[in-house]
Amino acid sequence: MSADLITRRAWLATAVQAEPAPVTTQRAAQLLAASPWPTSGRNTARKDLRALTARGVLAADDTNGRRVYRPTDRSAA
């Protein structure tokens, strides 16, 4: 799918689902750096992760004092 047909948040949701472990904000920023939106930084990643969590695509957990995000069962449907 080309970048003009997918939003940055949808791209990030797909990238997080492909990760083998829960994703931190730092890892999300690294994923976005390799995306069609390479100028997106940590703050953009944080906003996108929060928005995806609010929509029920991702679930947020605290692990070892850090916020991590993982796909929800709903995102697989």
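Right above here is the structure, for reference.
If you're wondering where the values come from, they're calculated on a predicted model, not measured in any experiment.

Parameters at a glance
- Residues numbered from 1 in each chain as written.
- Predicted model: local features only at pLDDT ≥ 70, side-chain atom pairs only at ≥ 80, totals over all residues.
- Heavy atoms only, no water.
- Buried < 20%, exposed > 50% of the residue type's maximum accessible area, 1.4 Å probe, protein only.
- Helix = DSSP H or I, 4+ residues; strand = E, 2+ residues; numbered from the N terminus.
- Arc of directions from axis to C-beta.
- Contact = heavy atoms within 4.5 Å.
- Core = buried A, V, L, I, M, F, W, Y, C linked by side-chain atoms within 4.5 Å.
- Salt bridge = Lys/Arg side-chain N within 4 Å of Asp/Glu carboxyl O.

*Asks:* Mind showing me how you'd approach helix α2 (residues 25-33) here?
*Replies:* For the α-helix, the turn length of 3.6 residues means that residues three or four positions removed from each other point alike. Within the span of α2, buried status applies to Thr25, Ala28, Ala29, Leu31 and Leu32. Buried residues in α2, looked at end-on, bunch into an arc of 160°, giving them a common side. Each element contacted by the buried residues of α2 is listed here: α1 (8-18), α3 (42-54) and β2 (66-71).

*Asks:* In this structure, what is going on with α1? I would like to understand it.
*Replies:* Residues of α1 that are buried: Leu12, Ala13, Ala15 and Val16. Down the axis of α1, the sector holding all buried residues measures 165°, keeping them to one side. Buried-residue contacts for α1 involve α2, α3, β1 (58-63) and β2.

*Asks:* What should I look at first to understand the environment of Gln26 in this one?
*Replies:* The topology assignment puts Gln26 in helix α2. Since its relative accessible area comes to 44%, Gln26 is described here as partly exposed. Taking the C-alpha atoms as reference points, Gln26 and Val68, 42 residues apart in sequence, are found 9.8 Å from one another. Look past the residues within four positions of Gln26 in its chain and what remains in contact with it is Arg42 and Arg66.

*Asks:* Sorry, what's going on with the nonpolar core here?
*Replies:* Here is a general trend for soluble globular proteins: nonpolar side chains tend to be buried in one another's company. Counting residues in hydrophobic clusters, the biggest one holds 14 residues, and the most contacted among them are Leu12, Val16, Ala28, Ala45, Leu49, Leu52 and Leu58. Among the elements of the structure, α1, α2 and α3 are those that each provide at least two residues to this core. Each residue touching Ala45, except ones within four places of it in the same chain, is listed here: Leu12, Thr25, Ala28, Ala29 and Leu32.

*Asks:* Looking at this structure, how should I read the pattern of salt bridges?
*Replies:* Opposite charge on two side chains permits them to pair, given that their charged atoms come into close proximity. Inspection of the entire model under this criterion finds five salt bridges. Across the salt bridge formed by Asp48 and Arg8, the nearest N and O atoms sit 2.6 Å from each other. Highlighted residues: Asp48 in helix α3 and Arg8 in helix α1, separated in sequence by 40 residues. Classification of Asp48 by relative accessible area gives buried; the value is 0%. Close ionic contact of Arg70 with Asp61 constitutes a salt bridge, the shortest N to O distance being 2.8 Å. Assessed through its relative accessible area of 36%, Arg70 is described here as partly exposed. Taking the relative accessible area as the measure of exposure, Asp61 reaches 29% and is therefore partly exposed. A single salt-bridge network, built from bridges that share partners, covers Arg8, Arg9 and Asp48.

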